[in-house]
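# Structural features, examined
The lines below spell out each chain.
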Amino acid sequence: MEIEFKNYDSGKQIKLSSNKSLIMVYGKNGSGKTTLSRQDLFDKRFVFNEDFIFSNVYNINENGASQTATTKENFSGLWLGEDIVKIRKEISNILKVEKKLKDKFQEEQSILNNFFMTNQIPVSLQDKLKELDDNDFKIDIDKIDDQKQNYKSPYIFSSDIDSREKFEERLTYLKKNDLYNMLISKIKSNTLLSEVILKENHEYLKNLNSKIDELNSQQKLILEIEGVYKKDNINNEIIEKIKDWYLLHEHRDSCLFCGNTEISSAIEKWRKVFTNQHIKIKSEVLSLLRKDIEYSETLASEKRYVEVDIEVITCIKNIIKYLQVKCEEISNNIFTTLEFNFDLPKKEILERNDLINNLLNYTLEQKKDILGFYFNSVKNIGILKKHKLELADKLMDEKGFTIADKINDKFKDFGLNKSITISVDKHSTPHKFIYSLKNHHNVNELSDGQKHKLALAIFMNYLEEQDLKNKIIVIDDPVVSLDITSYILFKQYLISKLIQKFDEESTKLIILTHDITYLYIQLSNIFENEKMKAITEIFKLNENQAISIPLDFIKTDDITLFRDALDHLTNIKELFILNSITNKIFRIELDLRLRFFGKSLTNDIGIDELMMSDDEKIKLKEINKHIVRTSRRNNPSGQDILQSFMFLKDASEILGFSNYITDSHIVQIKKIVDENIVGEVSYELFNVISSVQSFLKTSDNEELKNYINHTRNSYTRNLIGLDLDDYFESDRKECFAMESQELQNDNINEEEKIKVGI
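Heads up: these notes are all about the structure in this document.

Take the side chain of Lys584 next. Mapped onto the fold, Lys584 is located in helix α23 (residues 582–596). By relative accessible area, which is 6% here, Lys584 ends up buried. Within the structure, Lys584 has its side chain in polar contact with the side chain of Asp558 (distance 2.9 Å). Not counting residues within four places of it along the chain, the set of residues in contact with Lys584 comprises Asp558, Ile708, Asn709, His710, Thr711, Asn713 and Tyr715.

The next thing to look at is the pairing of strand β9 (residues 472–476). Where burial is concerned, most of β9 is hidden: five out of the five residues are buried. Residues Ile472, Val474 and Asp476 point to one face of β9 and Ile473 and Ile475 to the other, with burial holding for every one of them. By the bridge criterion, two bridges tie strand β4 (residues 47–48) to β9 in an arrangement that is parallel. Each bridged residue has a counterpart across the sheet, and for Val47 the counterpart in β9 is Val474. Here five bridges tie β9 to strand β10 (residues 508–513), and the two strands are oriented parallel to one another. Directly across from Val474, in β10, lies its bridge partner Ile510. For the segment spanning β9, helix α17 (residues 484–498) and β10, crossover handedness is right-handed.

Structurally, Asn19 can be placed in the loop between β2 (12–17) and β3 (22–26). C-alpha separation for the pair Asn19 and Thr536, spaced 517 residues apart in sequence, amounts to 9.3 Å.

Judged by nonpolar contacts, the single largest core of 99 residues is most densely connected at Met460, Leu494, Leu509 and Phe562. Per-element tally for this core: the top contributor is helix α16 (residues 448–464), with nine residues.

We now examine the packing of α16 against α17. Two numbers describe how α16 lies on α17: the axes approach to 12 Å, and their chain directions differ by 10°. Accordingly, the angle class assigned to the pair α16 and α17 is roughly parallel. In this structure, α16 uses Leu456, Met460, Leu463 and Glu464 to contact α17, whose residues at the interface are Phe490, Tyr493, Leu494, Lys497 and Leu498. Of the residues assigned to the contact of α16 with α17, the class counts are seven nonpolar, no polar and two charged.

Further remarks concern the sheet that holds strand β12 (residues 546–549). Taken in spatial order, the six strands line up as β4-β9-β10-β3-β11-β12 in an open sheet, and their pairing is mixed. Edge positions in the sheet fall to β4 and β12, since each has one partner strand and no second. Strand direction decides the pairing type here: β3 and β10, joined by five bridges, are parallel. Its bridge partner lying in β10, Tyr26 is registered against Thr513. On top of the sheet, helix α18 (residues 516–523) reaches β3, β10 and β11 (536–541); it is set at about 160° to β3, its chief contact.

This brings us to the pattern of salt bridges. Applying the stated criterion across every chain, the model contains 28 salt bridges. The partner of Arg38 in a salt bridge is Asp51, and the shortest N-O contact between them spans 2.6 Å. Linking Arg38 in the loop between α1 (33–37) and β4 with Asp51 in helix α2 (residues 50–56), this pair joins segments that are 13 residues apart in sequence. You can call Asp51 partly exposed: its relative accessible area is 28%. Salt bridges sharing common partners tie together Arg38, Glu50 and Asp51.

Between its first and last C-alpha, helix α24 (residues 614–632) extends 27 Å over 19 residues, near the 27 Å set by a 1.5 Å rise per residue. Listing the buried residues of α24 in full gives Lys617, Leu620, Ile623, Asn624, His626, Ile627, Val628, Thr630 and Ser631.

A contiguous nonpolar patch, built from Leu248, Leu256 and Phe257 and spanning about 350 Å² of accessible area, is present on the exposed surface. Relative to the elements of secondary structure, Phe257 occurs in the loop between α10 (236–249) and α11 (263–274).

In terms of strand pairing, strand β1 (residues 2–7) meets β2 through six bridges, oriented antiparallel. Each residue of the ladder has a partner; that of Glu4, found in β2, is Lys15. The antiparallel pairing of β1 with β2 creates a hairpin that spans four residues between the two strands, and Gly11 there sits at a positive phi of about 80°.

Here is what the cut-offs are and how they apply
- Residues numbered from 1 in each chain as written.
- Predicted model: local features only at pLDDT ≥ 70, side-chain atom pairs only at ≥ 80, totals over all residues.
- Heavy atoms only, no water.
- Helix = DSSP H or I, 4+ residues; strand = E, 2+ residues; numbered from the N terminus.
- Buried < 20%, exposed > 50% of the residue type's maximum accessible area, 1.4 Å probe, protein only.
- Polar contact = N/O pair within 3.5 Å; in protein donor to acceptor, adjacent residues only side chain to side chain.
- Contact = heavy atoms within 4.5 Å.
- Pairing = 2+ DSSP bridges.
- Right-handed = clockwise from strand over helix to strand, strands pointing away.
- Core = buried A, V, L, I, M, F, W, Y, C linked by side-chain atoms within 4.5 Å.
- Axes fitted to C-alpha atoms, helices over the stretch in contact; angles between N-to-C directions.
- Parallel < 35°, antiparallel > 145°, perpendicular 65-115°, else oblique.
- Nonpolar A, V, L, I, M, F, W, Y, C, P; charged D, E, K, R; others polar.
- Salt bridge = Lys/Arg side-chain N within 4 Å of Asp/Glu carboxyl O.
- Expected span 1.5 Å × (residues − 1).
- Patch = residues over 30% accessible without salt bridge, like charges linked within 9 Å, V, L, I, M, F, W, Y side chains within 5 Å.
- Areas by Shrake-Rupley, 256 points an atom, 1.4 Å probe, with all protein chains shown as cover.

None of the figures reported here should be taken as evidence of function without further support.
Here it is, written out as structure tokens:
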């Protein structure tokens, strides 16, 4: 497998090539790990990174992390299993097709309804469309367009209209007929017009004429009284007395003055005169007639009614003129009864329901194929959708809870205290599979770290359900939100479960991490497992390149590194390199010894804290001074280096680490010094030491230098975890070339001094 991608921060093309099955890639944030995980080479279904989480669990926006309908759907589909995912996809496709069909069907219906409404053709379109039901039609959602093109409805909408011209003629007739009926309805809404024109009832006119007759009688009485006034020279004073008399007699049965028992009729006549009842009745009659005139004028002025039937409108206008004359007469106290002689001309009309039905059927016959296709397609796809939903329900009952149990097992595998529960919301379409977590109603209530863990568990469950042959699995920063215990559990899961499913020839797992602790934990049991070791490769990723790092190099701590290098020591250059860390080795041994007694290494070494004789403490202090001086010098003599190693051997034995540096090691070092054996570095661990020492000698970063020099921080771990990549290249050799030459010169000078007797 070969991957090449561009690091957008540095602009460099980075290549990574490996034939191993387990590939660990370590890199700090910004080194290009996520960019690597997004390569088109990988099937995104098998890539766990932030894209996976944001696409399937939640998304990130200016308001923070939240779940959306899309991520919830993706998330559900991811863990519900392939069968359910497949049928949900089918349901989603059916829903899309159904919506398209319904929209088109609704569009066709809207066009028809607008046409019928515009032309004032009343219709219940849904009832008419039911007649298009075709039990022989079967929808094929993959061939919708072809079916629509070829569909022919077997139903016939019968009509006596056989041409477009006849349709237009009947439609015009219907409009006029409906307007005529509307005009008649308006006439019926006015009592006077209804009685005069349509000859309905006559109570209104009788009542009106009775009021006019009453006005006429009252008018005669008024004239009679006025005649009495004039004839008997009754002045205003007498009139006032008559009024007083009327008031005195209003509630009596006989006259106070003459005893007349017919006083009631006299009082009634005078009441009409003296209470102005005549004026009230007159005003009421005029008001009724003027309202009728106003209503009739409004009706007669509507152009559409004039066009429908001019004879009716002319009749109404004549009635208006007659009423206007009557109002004028009544205003002038001329009271004659109303007499109307206006008849509505008889009109022959077609049966309206038959007319409408024929117009409807003719219209629908022209559109029946497209309407029939949509009607039956919507019905068919509804049946298909129902079937698929029921099947999804059944699969959910059969498998959903089993899958949830498997994901809960993943939580346990990773040391996560979570439990999934699932339910089905059957009120939604398609049915939604609702998932919640123990002590949480839904995923929205989880922290980002918890969501990461949940997504990781679901991703791992997904992998277990798949055939991993020829698959490349990529996991970017799997432990970003886990604790150390979960690091270990996750490591065990990968080794004991996931990798066991691999096809040895074709499956690959790439783990990307920025966590050096997790890297070491994940590799911890691989060093002793030859099978795992054979399929594993480690890369250090930086902004410029991916560097392959030997597995044996990863596992080496400084004590092991020093001893291993000591076993492979062959020349002056390697001796010079090894001398540079003798002080750190001494401090490591001293720190280990102090920890046996519950002490720790301090700035003043801590030798006095050791439980040993004063002579041994003095010896250790002397050794410390020499080793510190010699290891830090740029050009120590060969004899000084030899003495340092001899001292370090003595110190190891005093501190209880006998045989760490053996006599044979000292013999080899003495031979290299005495014979001035030159050569190049041939063992990788010398390069590790020189790389770190190069950094310590050239860097201005005191904090980082102190960290690297710390007794308990190994050189190998620092080379992987820190930004020392530049010192892990060929330049490191040049760093020590000059100093190695100085060492050789010092050795020559020592020999010359001996020769001249100095």
